[in-house]
Amino acid sequence: MYIEHLSLSNFRNYARLELGLPTNNPVVLHGQNAQGKTSLLEAIYYLATAKSPYNAADRQLIHWRAENDPIPFARLSAEICSQHAPMNRLEMTLMIERTVDGVARLRKVIKVNGVDKRVMDIVGLLNVVLFLPHDLSLVEGSPSDRRRFMDNTLGQVDAAYLNAIDTYEKILPQRNALLKRINDRQASPKELRFWDEQIVAAGSIIIAGRQKFLRELEIRAQDAHLDLTGKREVLTLRYQPSFLPTFAGDGQLSFDTFGLDLHRELTPDEIAPQFGDKLKAEEGESIHRGVTLCGPHRDELRLFINERDSGLYGSRGQARTAVMAIKLAELQWMRDRIGEYPVLLLDEVVAELDSQRRAYLLERIDGVTQTLVTTTELDIFTRPFLDRAAIWRVTDGRIDIHAGEKPTP
């Protein structure tokens, strides 16, 4: 899978950009900070997922110079080739419109080959793996960071999972609001039944999807991690759902066990009745507190190295190694899932690695997939990598594909 051509209008600091991308050679985007290197990767990620990886509001993506236009807008489009389709043109337009009351409202329009589509319809059209310096949050960040990683990866390849996430995120606030009204004696507990059915149906798909994904990811991450550590350290991914589903006849599983058994999986149909029972058992406390106490919004993922929680006991170097192994595993997992490698985006991460990990990463990705790398320093790359790469200079929202200079060895 690769992008043949990328077009941006009024996106971040790109007023206008038309760019053909090489398919076999890595692209190194070189320049000082705040020039537009990261924004280019953000645009590609947005085309794949319809959201920014930096949790930015869509309105923030529109170039500031367009604010005074009659209809401020940003447009992104890409010509995408894959083994499933020789060419698809994906286009997204963000525009700020005013209602009859003068209220500004943002509208997102998605088209594929000129035909209007929903976000759900473009799943799998463009797949990417994005590697950022703040991906250390997979080890050191909050549980929401790790849930976001699972959701963003699965949502690119599984339309049912993406739909379940979308549904769950809409239902959860409504259920919580109802819990508060019940506690204030403004509603009846019987009204929970409808929302419970909806949240159980969506939540069970999410839990089952995460469980399967992490089991598959762990196998690939362990191989990369063993290579990176000279086979001295074993990486383990432990999925900790907010309640403890059980296998039929096996009794309750502990957090430490659930997620490590690589031979058995729970289906949404097996999870759903147990999830429903847990919601019912916690109903009184949930009403008292005004929040839903269990469900995938409270799930956790922990990374263990040699059976020790790396978030609690691991060093900074171990965290970097674990995250790098997971990202390489994500690349391989997505290839196995969709049948071809996704586009790989590396934003300033090469500078964060020591020479050994840097060489390992570049060796693993060079020539494997369409790769875009941002950097402020060219001399951190190996000579073989630079010899193959297209080096483009980025300056104030402009890209000069002829200005790249390869450092003297």
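Scroll up a little and you will see the structure.
On a predicted model such as this, the values are computed, not experimentally measured, just so you know.

**Student:** So what about the sheet that holds strand 4 (residues 73-81)? Which residues, and what values?
**Tutor:** In any sheet, the strands associate via hydrogen bonds between backbone groups, in a parallel or an antiparallel arrangement. Spatial ordering of the open sheet is given by 2-1-4-5-6-7, a layout of six strands whose pairing is antiparallel. The strands lining the two open edges of the sheet, one partner per strand, are strand 2 (14-20) and strand 7 (115-117). Adjacent strand axes in the sheet meet at a mean angle of 20°, parallel and antiparallel pairs treated alike. Both strand 5 (residues 88-98) and strand 6 (residues 104-112) contribute to a ladder of nine bridges, which runs antiparallel.

**Student:** Requested: an account of the pattern of salt bridges, with residues and values cited.
**Tutor:** Across all of its chains, the model carries 36 salt bridges by this definition. Among the salt bridges present, the one from Lys212 reaches Glu216, with a minimum N-O distance of 2.4 Å. Separated by four residues within a single helix, Lys212 and Glu216 lie in helix 5 (residues 192-228), roughly one turn from each other. Judged by its relative accessible area of 35%, Lys212 falls in the partly exposed class.

**Student:** So what about helix 10 (residues 355-365)? Which residues, and what values?
**Tutor:** Counting along an α-helix, one turn takes 3.6 residues, and residues three or four places apart therefore face a common direction. Regarding helix 10, the residues found buried are Arg357, Arg358, Tyr360, Leu361, Leu362 and Ile365. Buried residues in helix 10 make contact with helix 5, helix 9 (316-338), strand 14 (343-347), strand 15 (371-375) and helix 11 (383-388). Within two residues after helix 10, Gly367 carries a phi angle of roughly 80°, on the positive side.

**Student:** I'd like a description of helix 9, backed by residues and values.
**Tutor:** Taking 1.5 Å per residue as the helical rise, helix 9 with its 23 residues ought to reach 33 Å, and the 33 Å between its terminal C-alpha atoms agrees with that figure. Positive phi appears at Gly339, one or two residues downstream of helix 9, with a value of about 90°.

**Student:** Can you lay out the packing of helix 9 against helix 10 for me, pointing to particular residues and giving the numbers?
**Tutor:** The interhelical angle for the contact between helix 9 and helix 10, taken along N-to-C directions, is 0°, at an axis separation of 12 Å. Classed by the angle they form, the pair helix 9 and helix 10 counts as roughly parallel. Between helix 9 and helix 10, the residues in contact are Gly317, Thr321, Met324 and Leu328 and Arg357, Tyr360, Leu361, Arg364 and Ile365, respectively. Taken together, the residues that form the contact of helix 9 with helix 10 break down as five nonpolar, two polar and two charged.

**Student:** Outline the environment of Gly36, supporting the account with residue identities and numerical values.
**Tutor:** As for its placement among the helices and strands, Gly36 is situated in the loop between strand 3 (27-30) and helix 1 (37-49). In sequence terms Gly36 and Gly209 are 173 residues apart; their C-alpha atoms lie 35 Å from each other.

**Student:** Please set out the side chain of Gln211 residue by residue, giving values where relevant.
**Tutor:** Looking at where Gln211 falls in the secondary structure, it is placed in helix 5. Residue Gln211 is classed as buried on the basis of its relative accessible area of 2%. A polar atom in the side chain of Gln211 sits 3.2 Å from the backbone nitrogen of Leu266.

What counts, and at which threshold
- Residues numbered from 1 in each chain as written.
- Predicted model: local features only at pLDDT ≥ 70, side-chain atom pairs only at ≥ 80, totals over all residues.
- Heavy atoms only, no water.
- Pairing = 2+ DSSP bridges.
- Helix = DSSP H or I, 4+ residues; strand = E, 2+ residues; numbered from the N terminus.
- Axes fitted to C-alpha atoms, helices over the stretch in contact; angles between N-to-C directions.
- Salt bridge = Lys/Arg side-chain N within 4 Å of Asp/Glu carboxyl O.
- Buried < 20%, exposed > 50% of the residue type's maximum accessible area, 1.4 Å probe, protein only.
- Contact = heavy atoms within 4.5 Å.
- Expected span 1.5 Å × (residues − 1).
- Parallel < 35°, antiparallel > 145°, perpendicular 65-115°, else oblique.
- Nonpolar A, V, L, I, M, F, W, Y, C, P; charged D, E, K, R; others polar.
- Polar contact = N/O pair within 3.5 Å; in protein donor to acceptor, adjacent residues only side chain to side chain.

Function-wise, these values are silent; they only describe arrangement.
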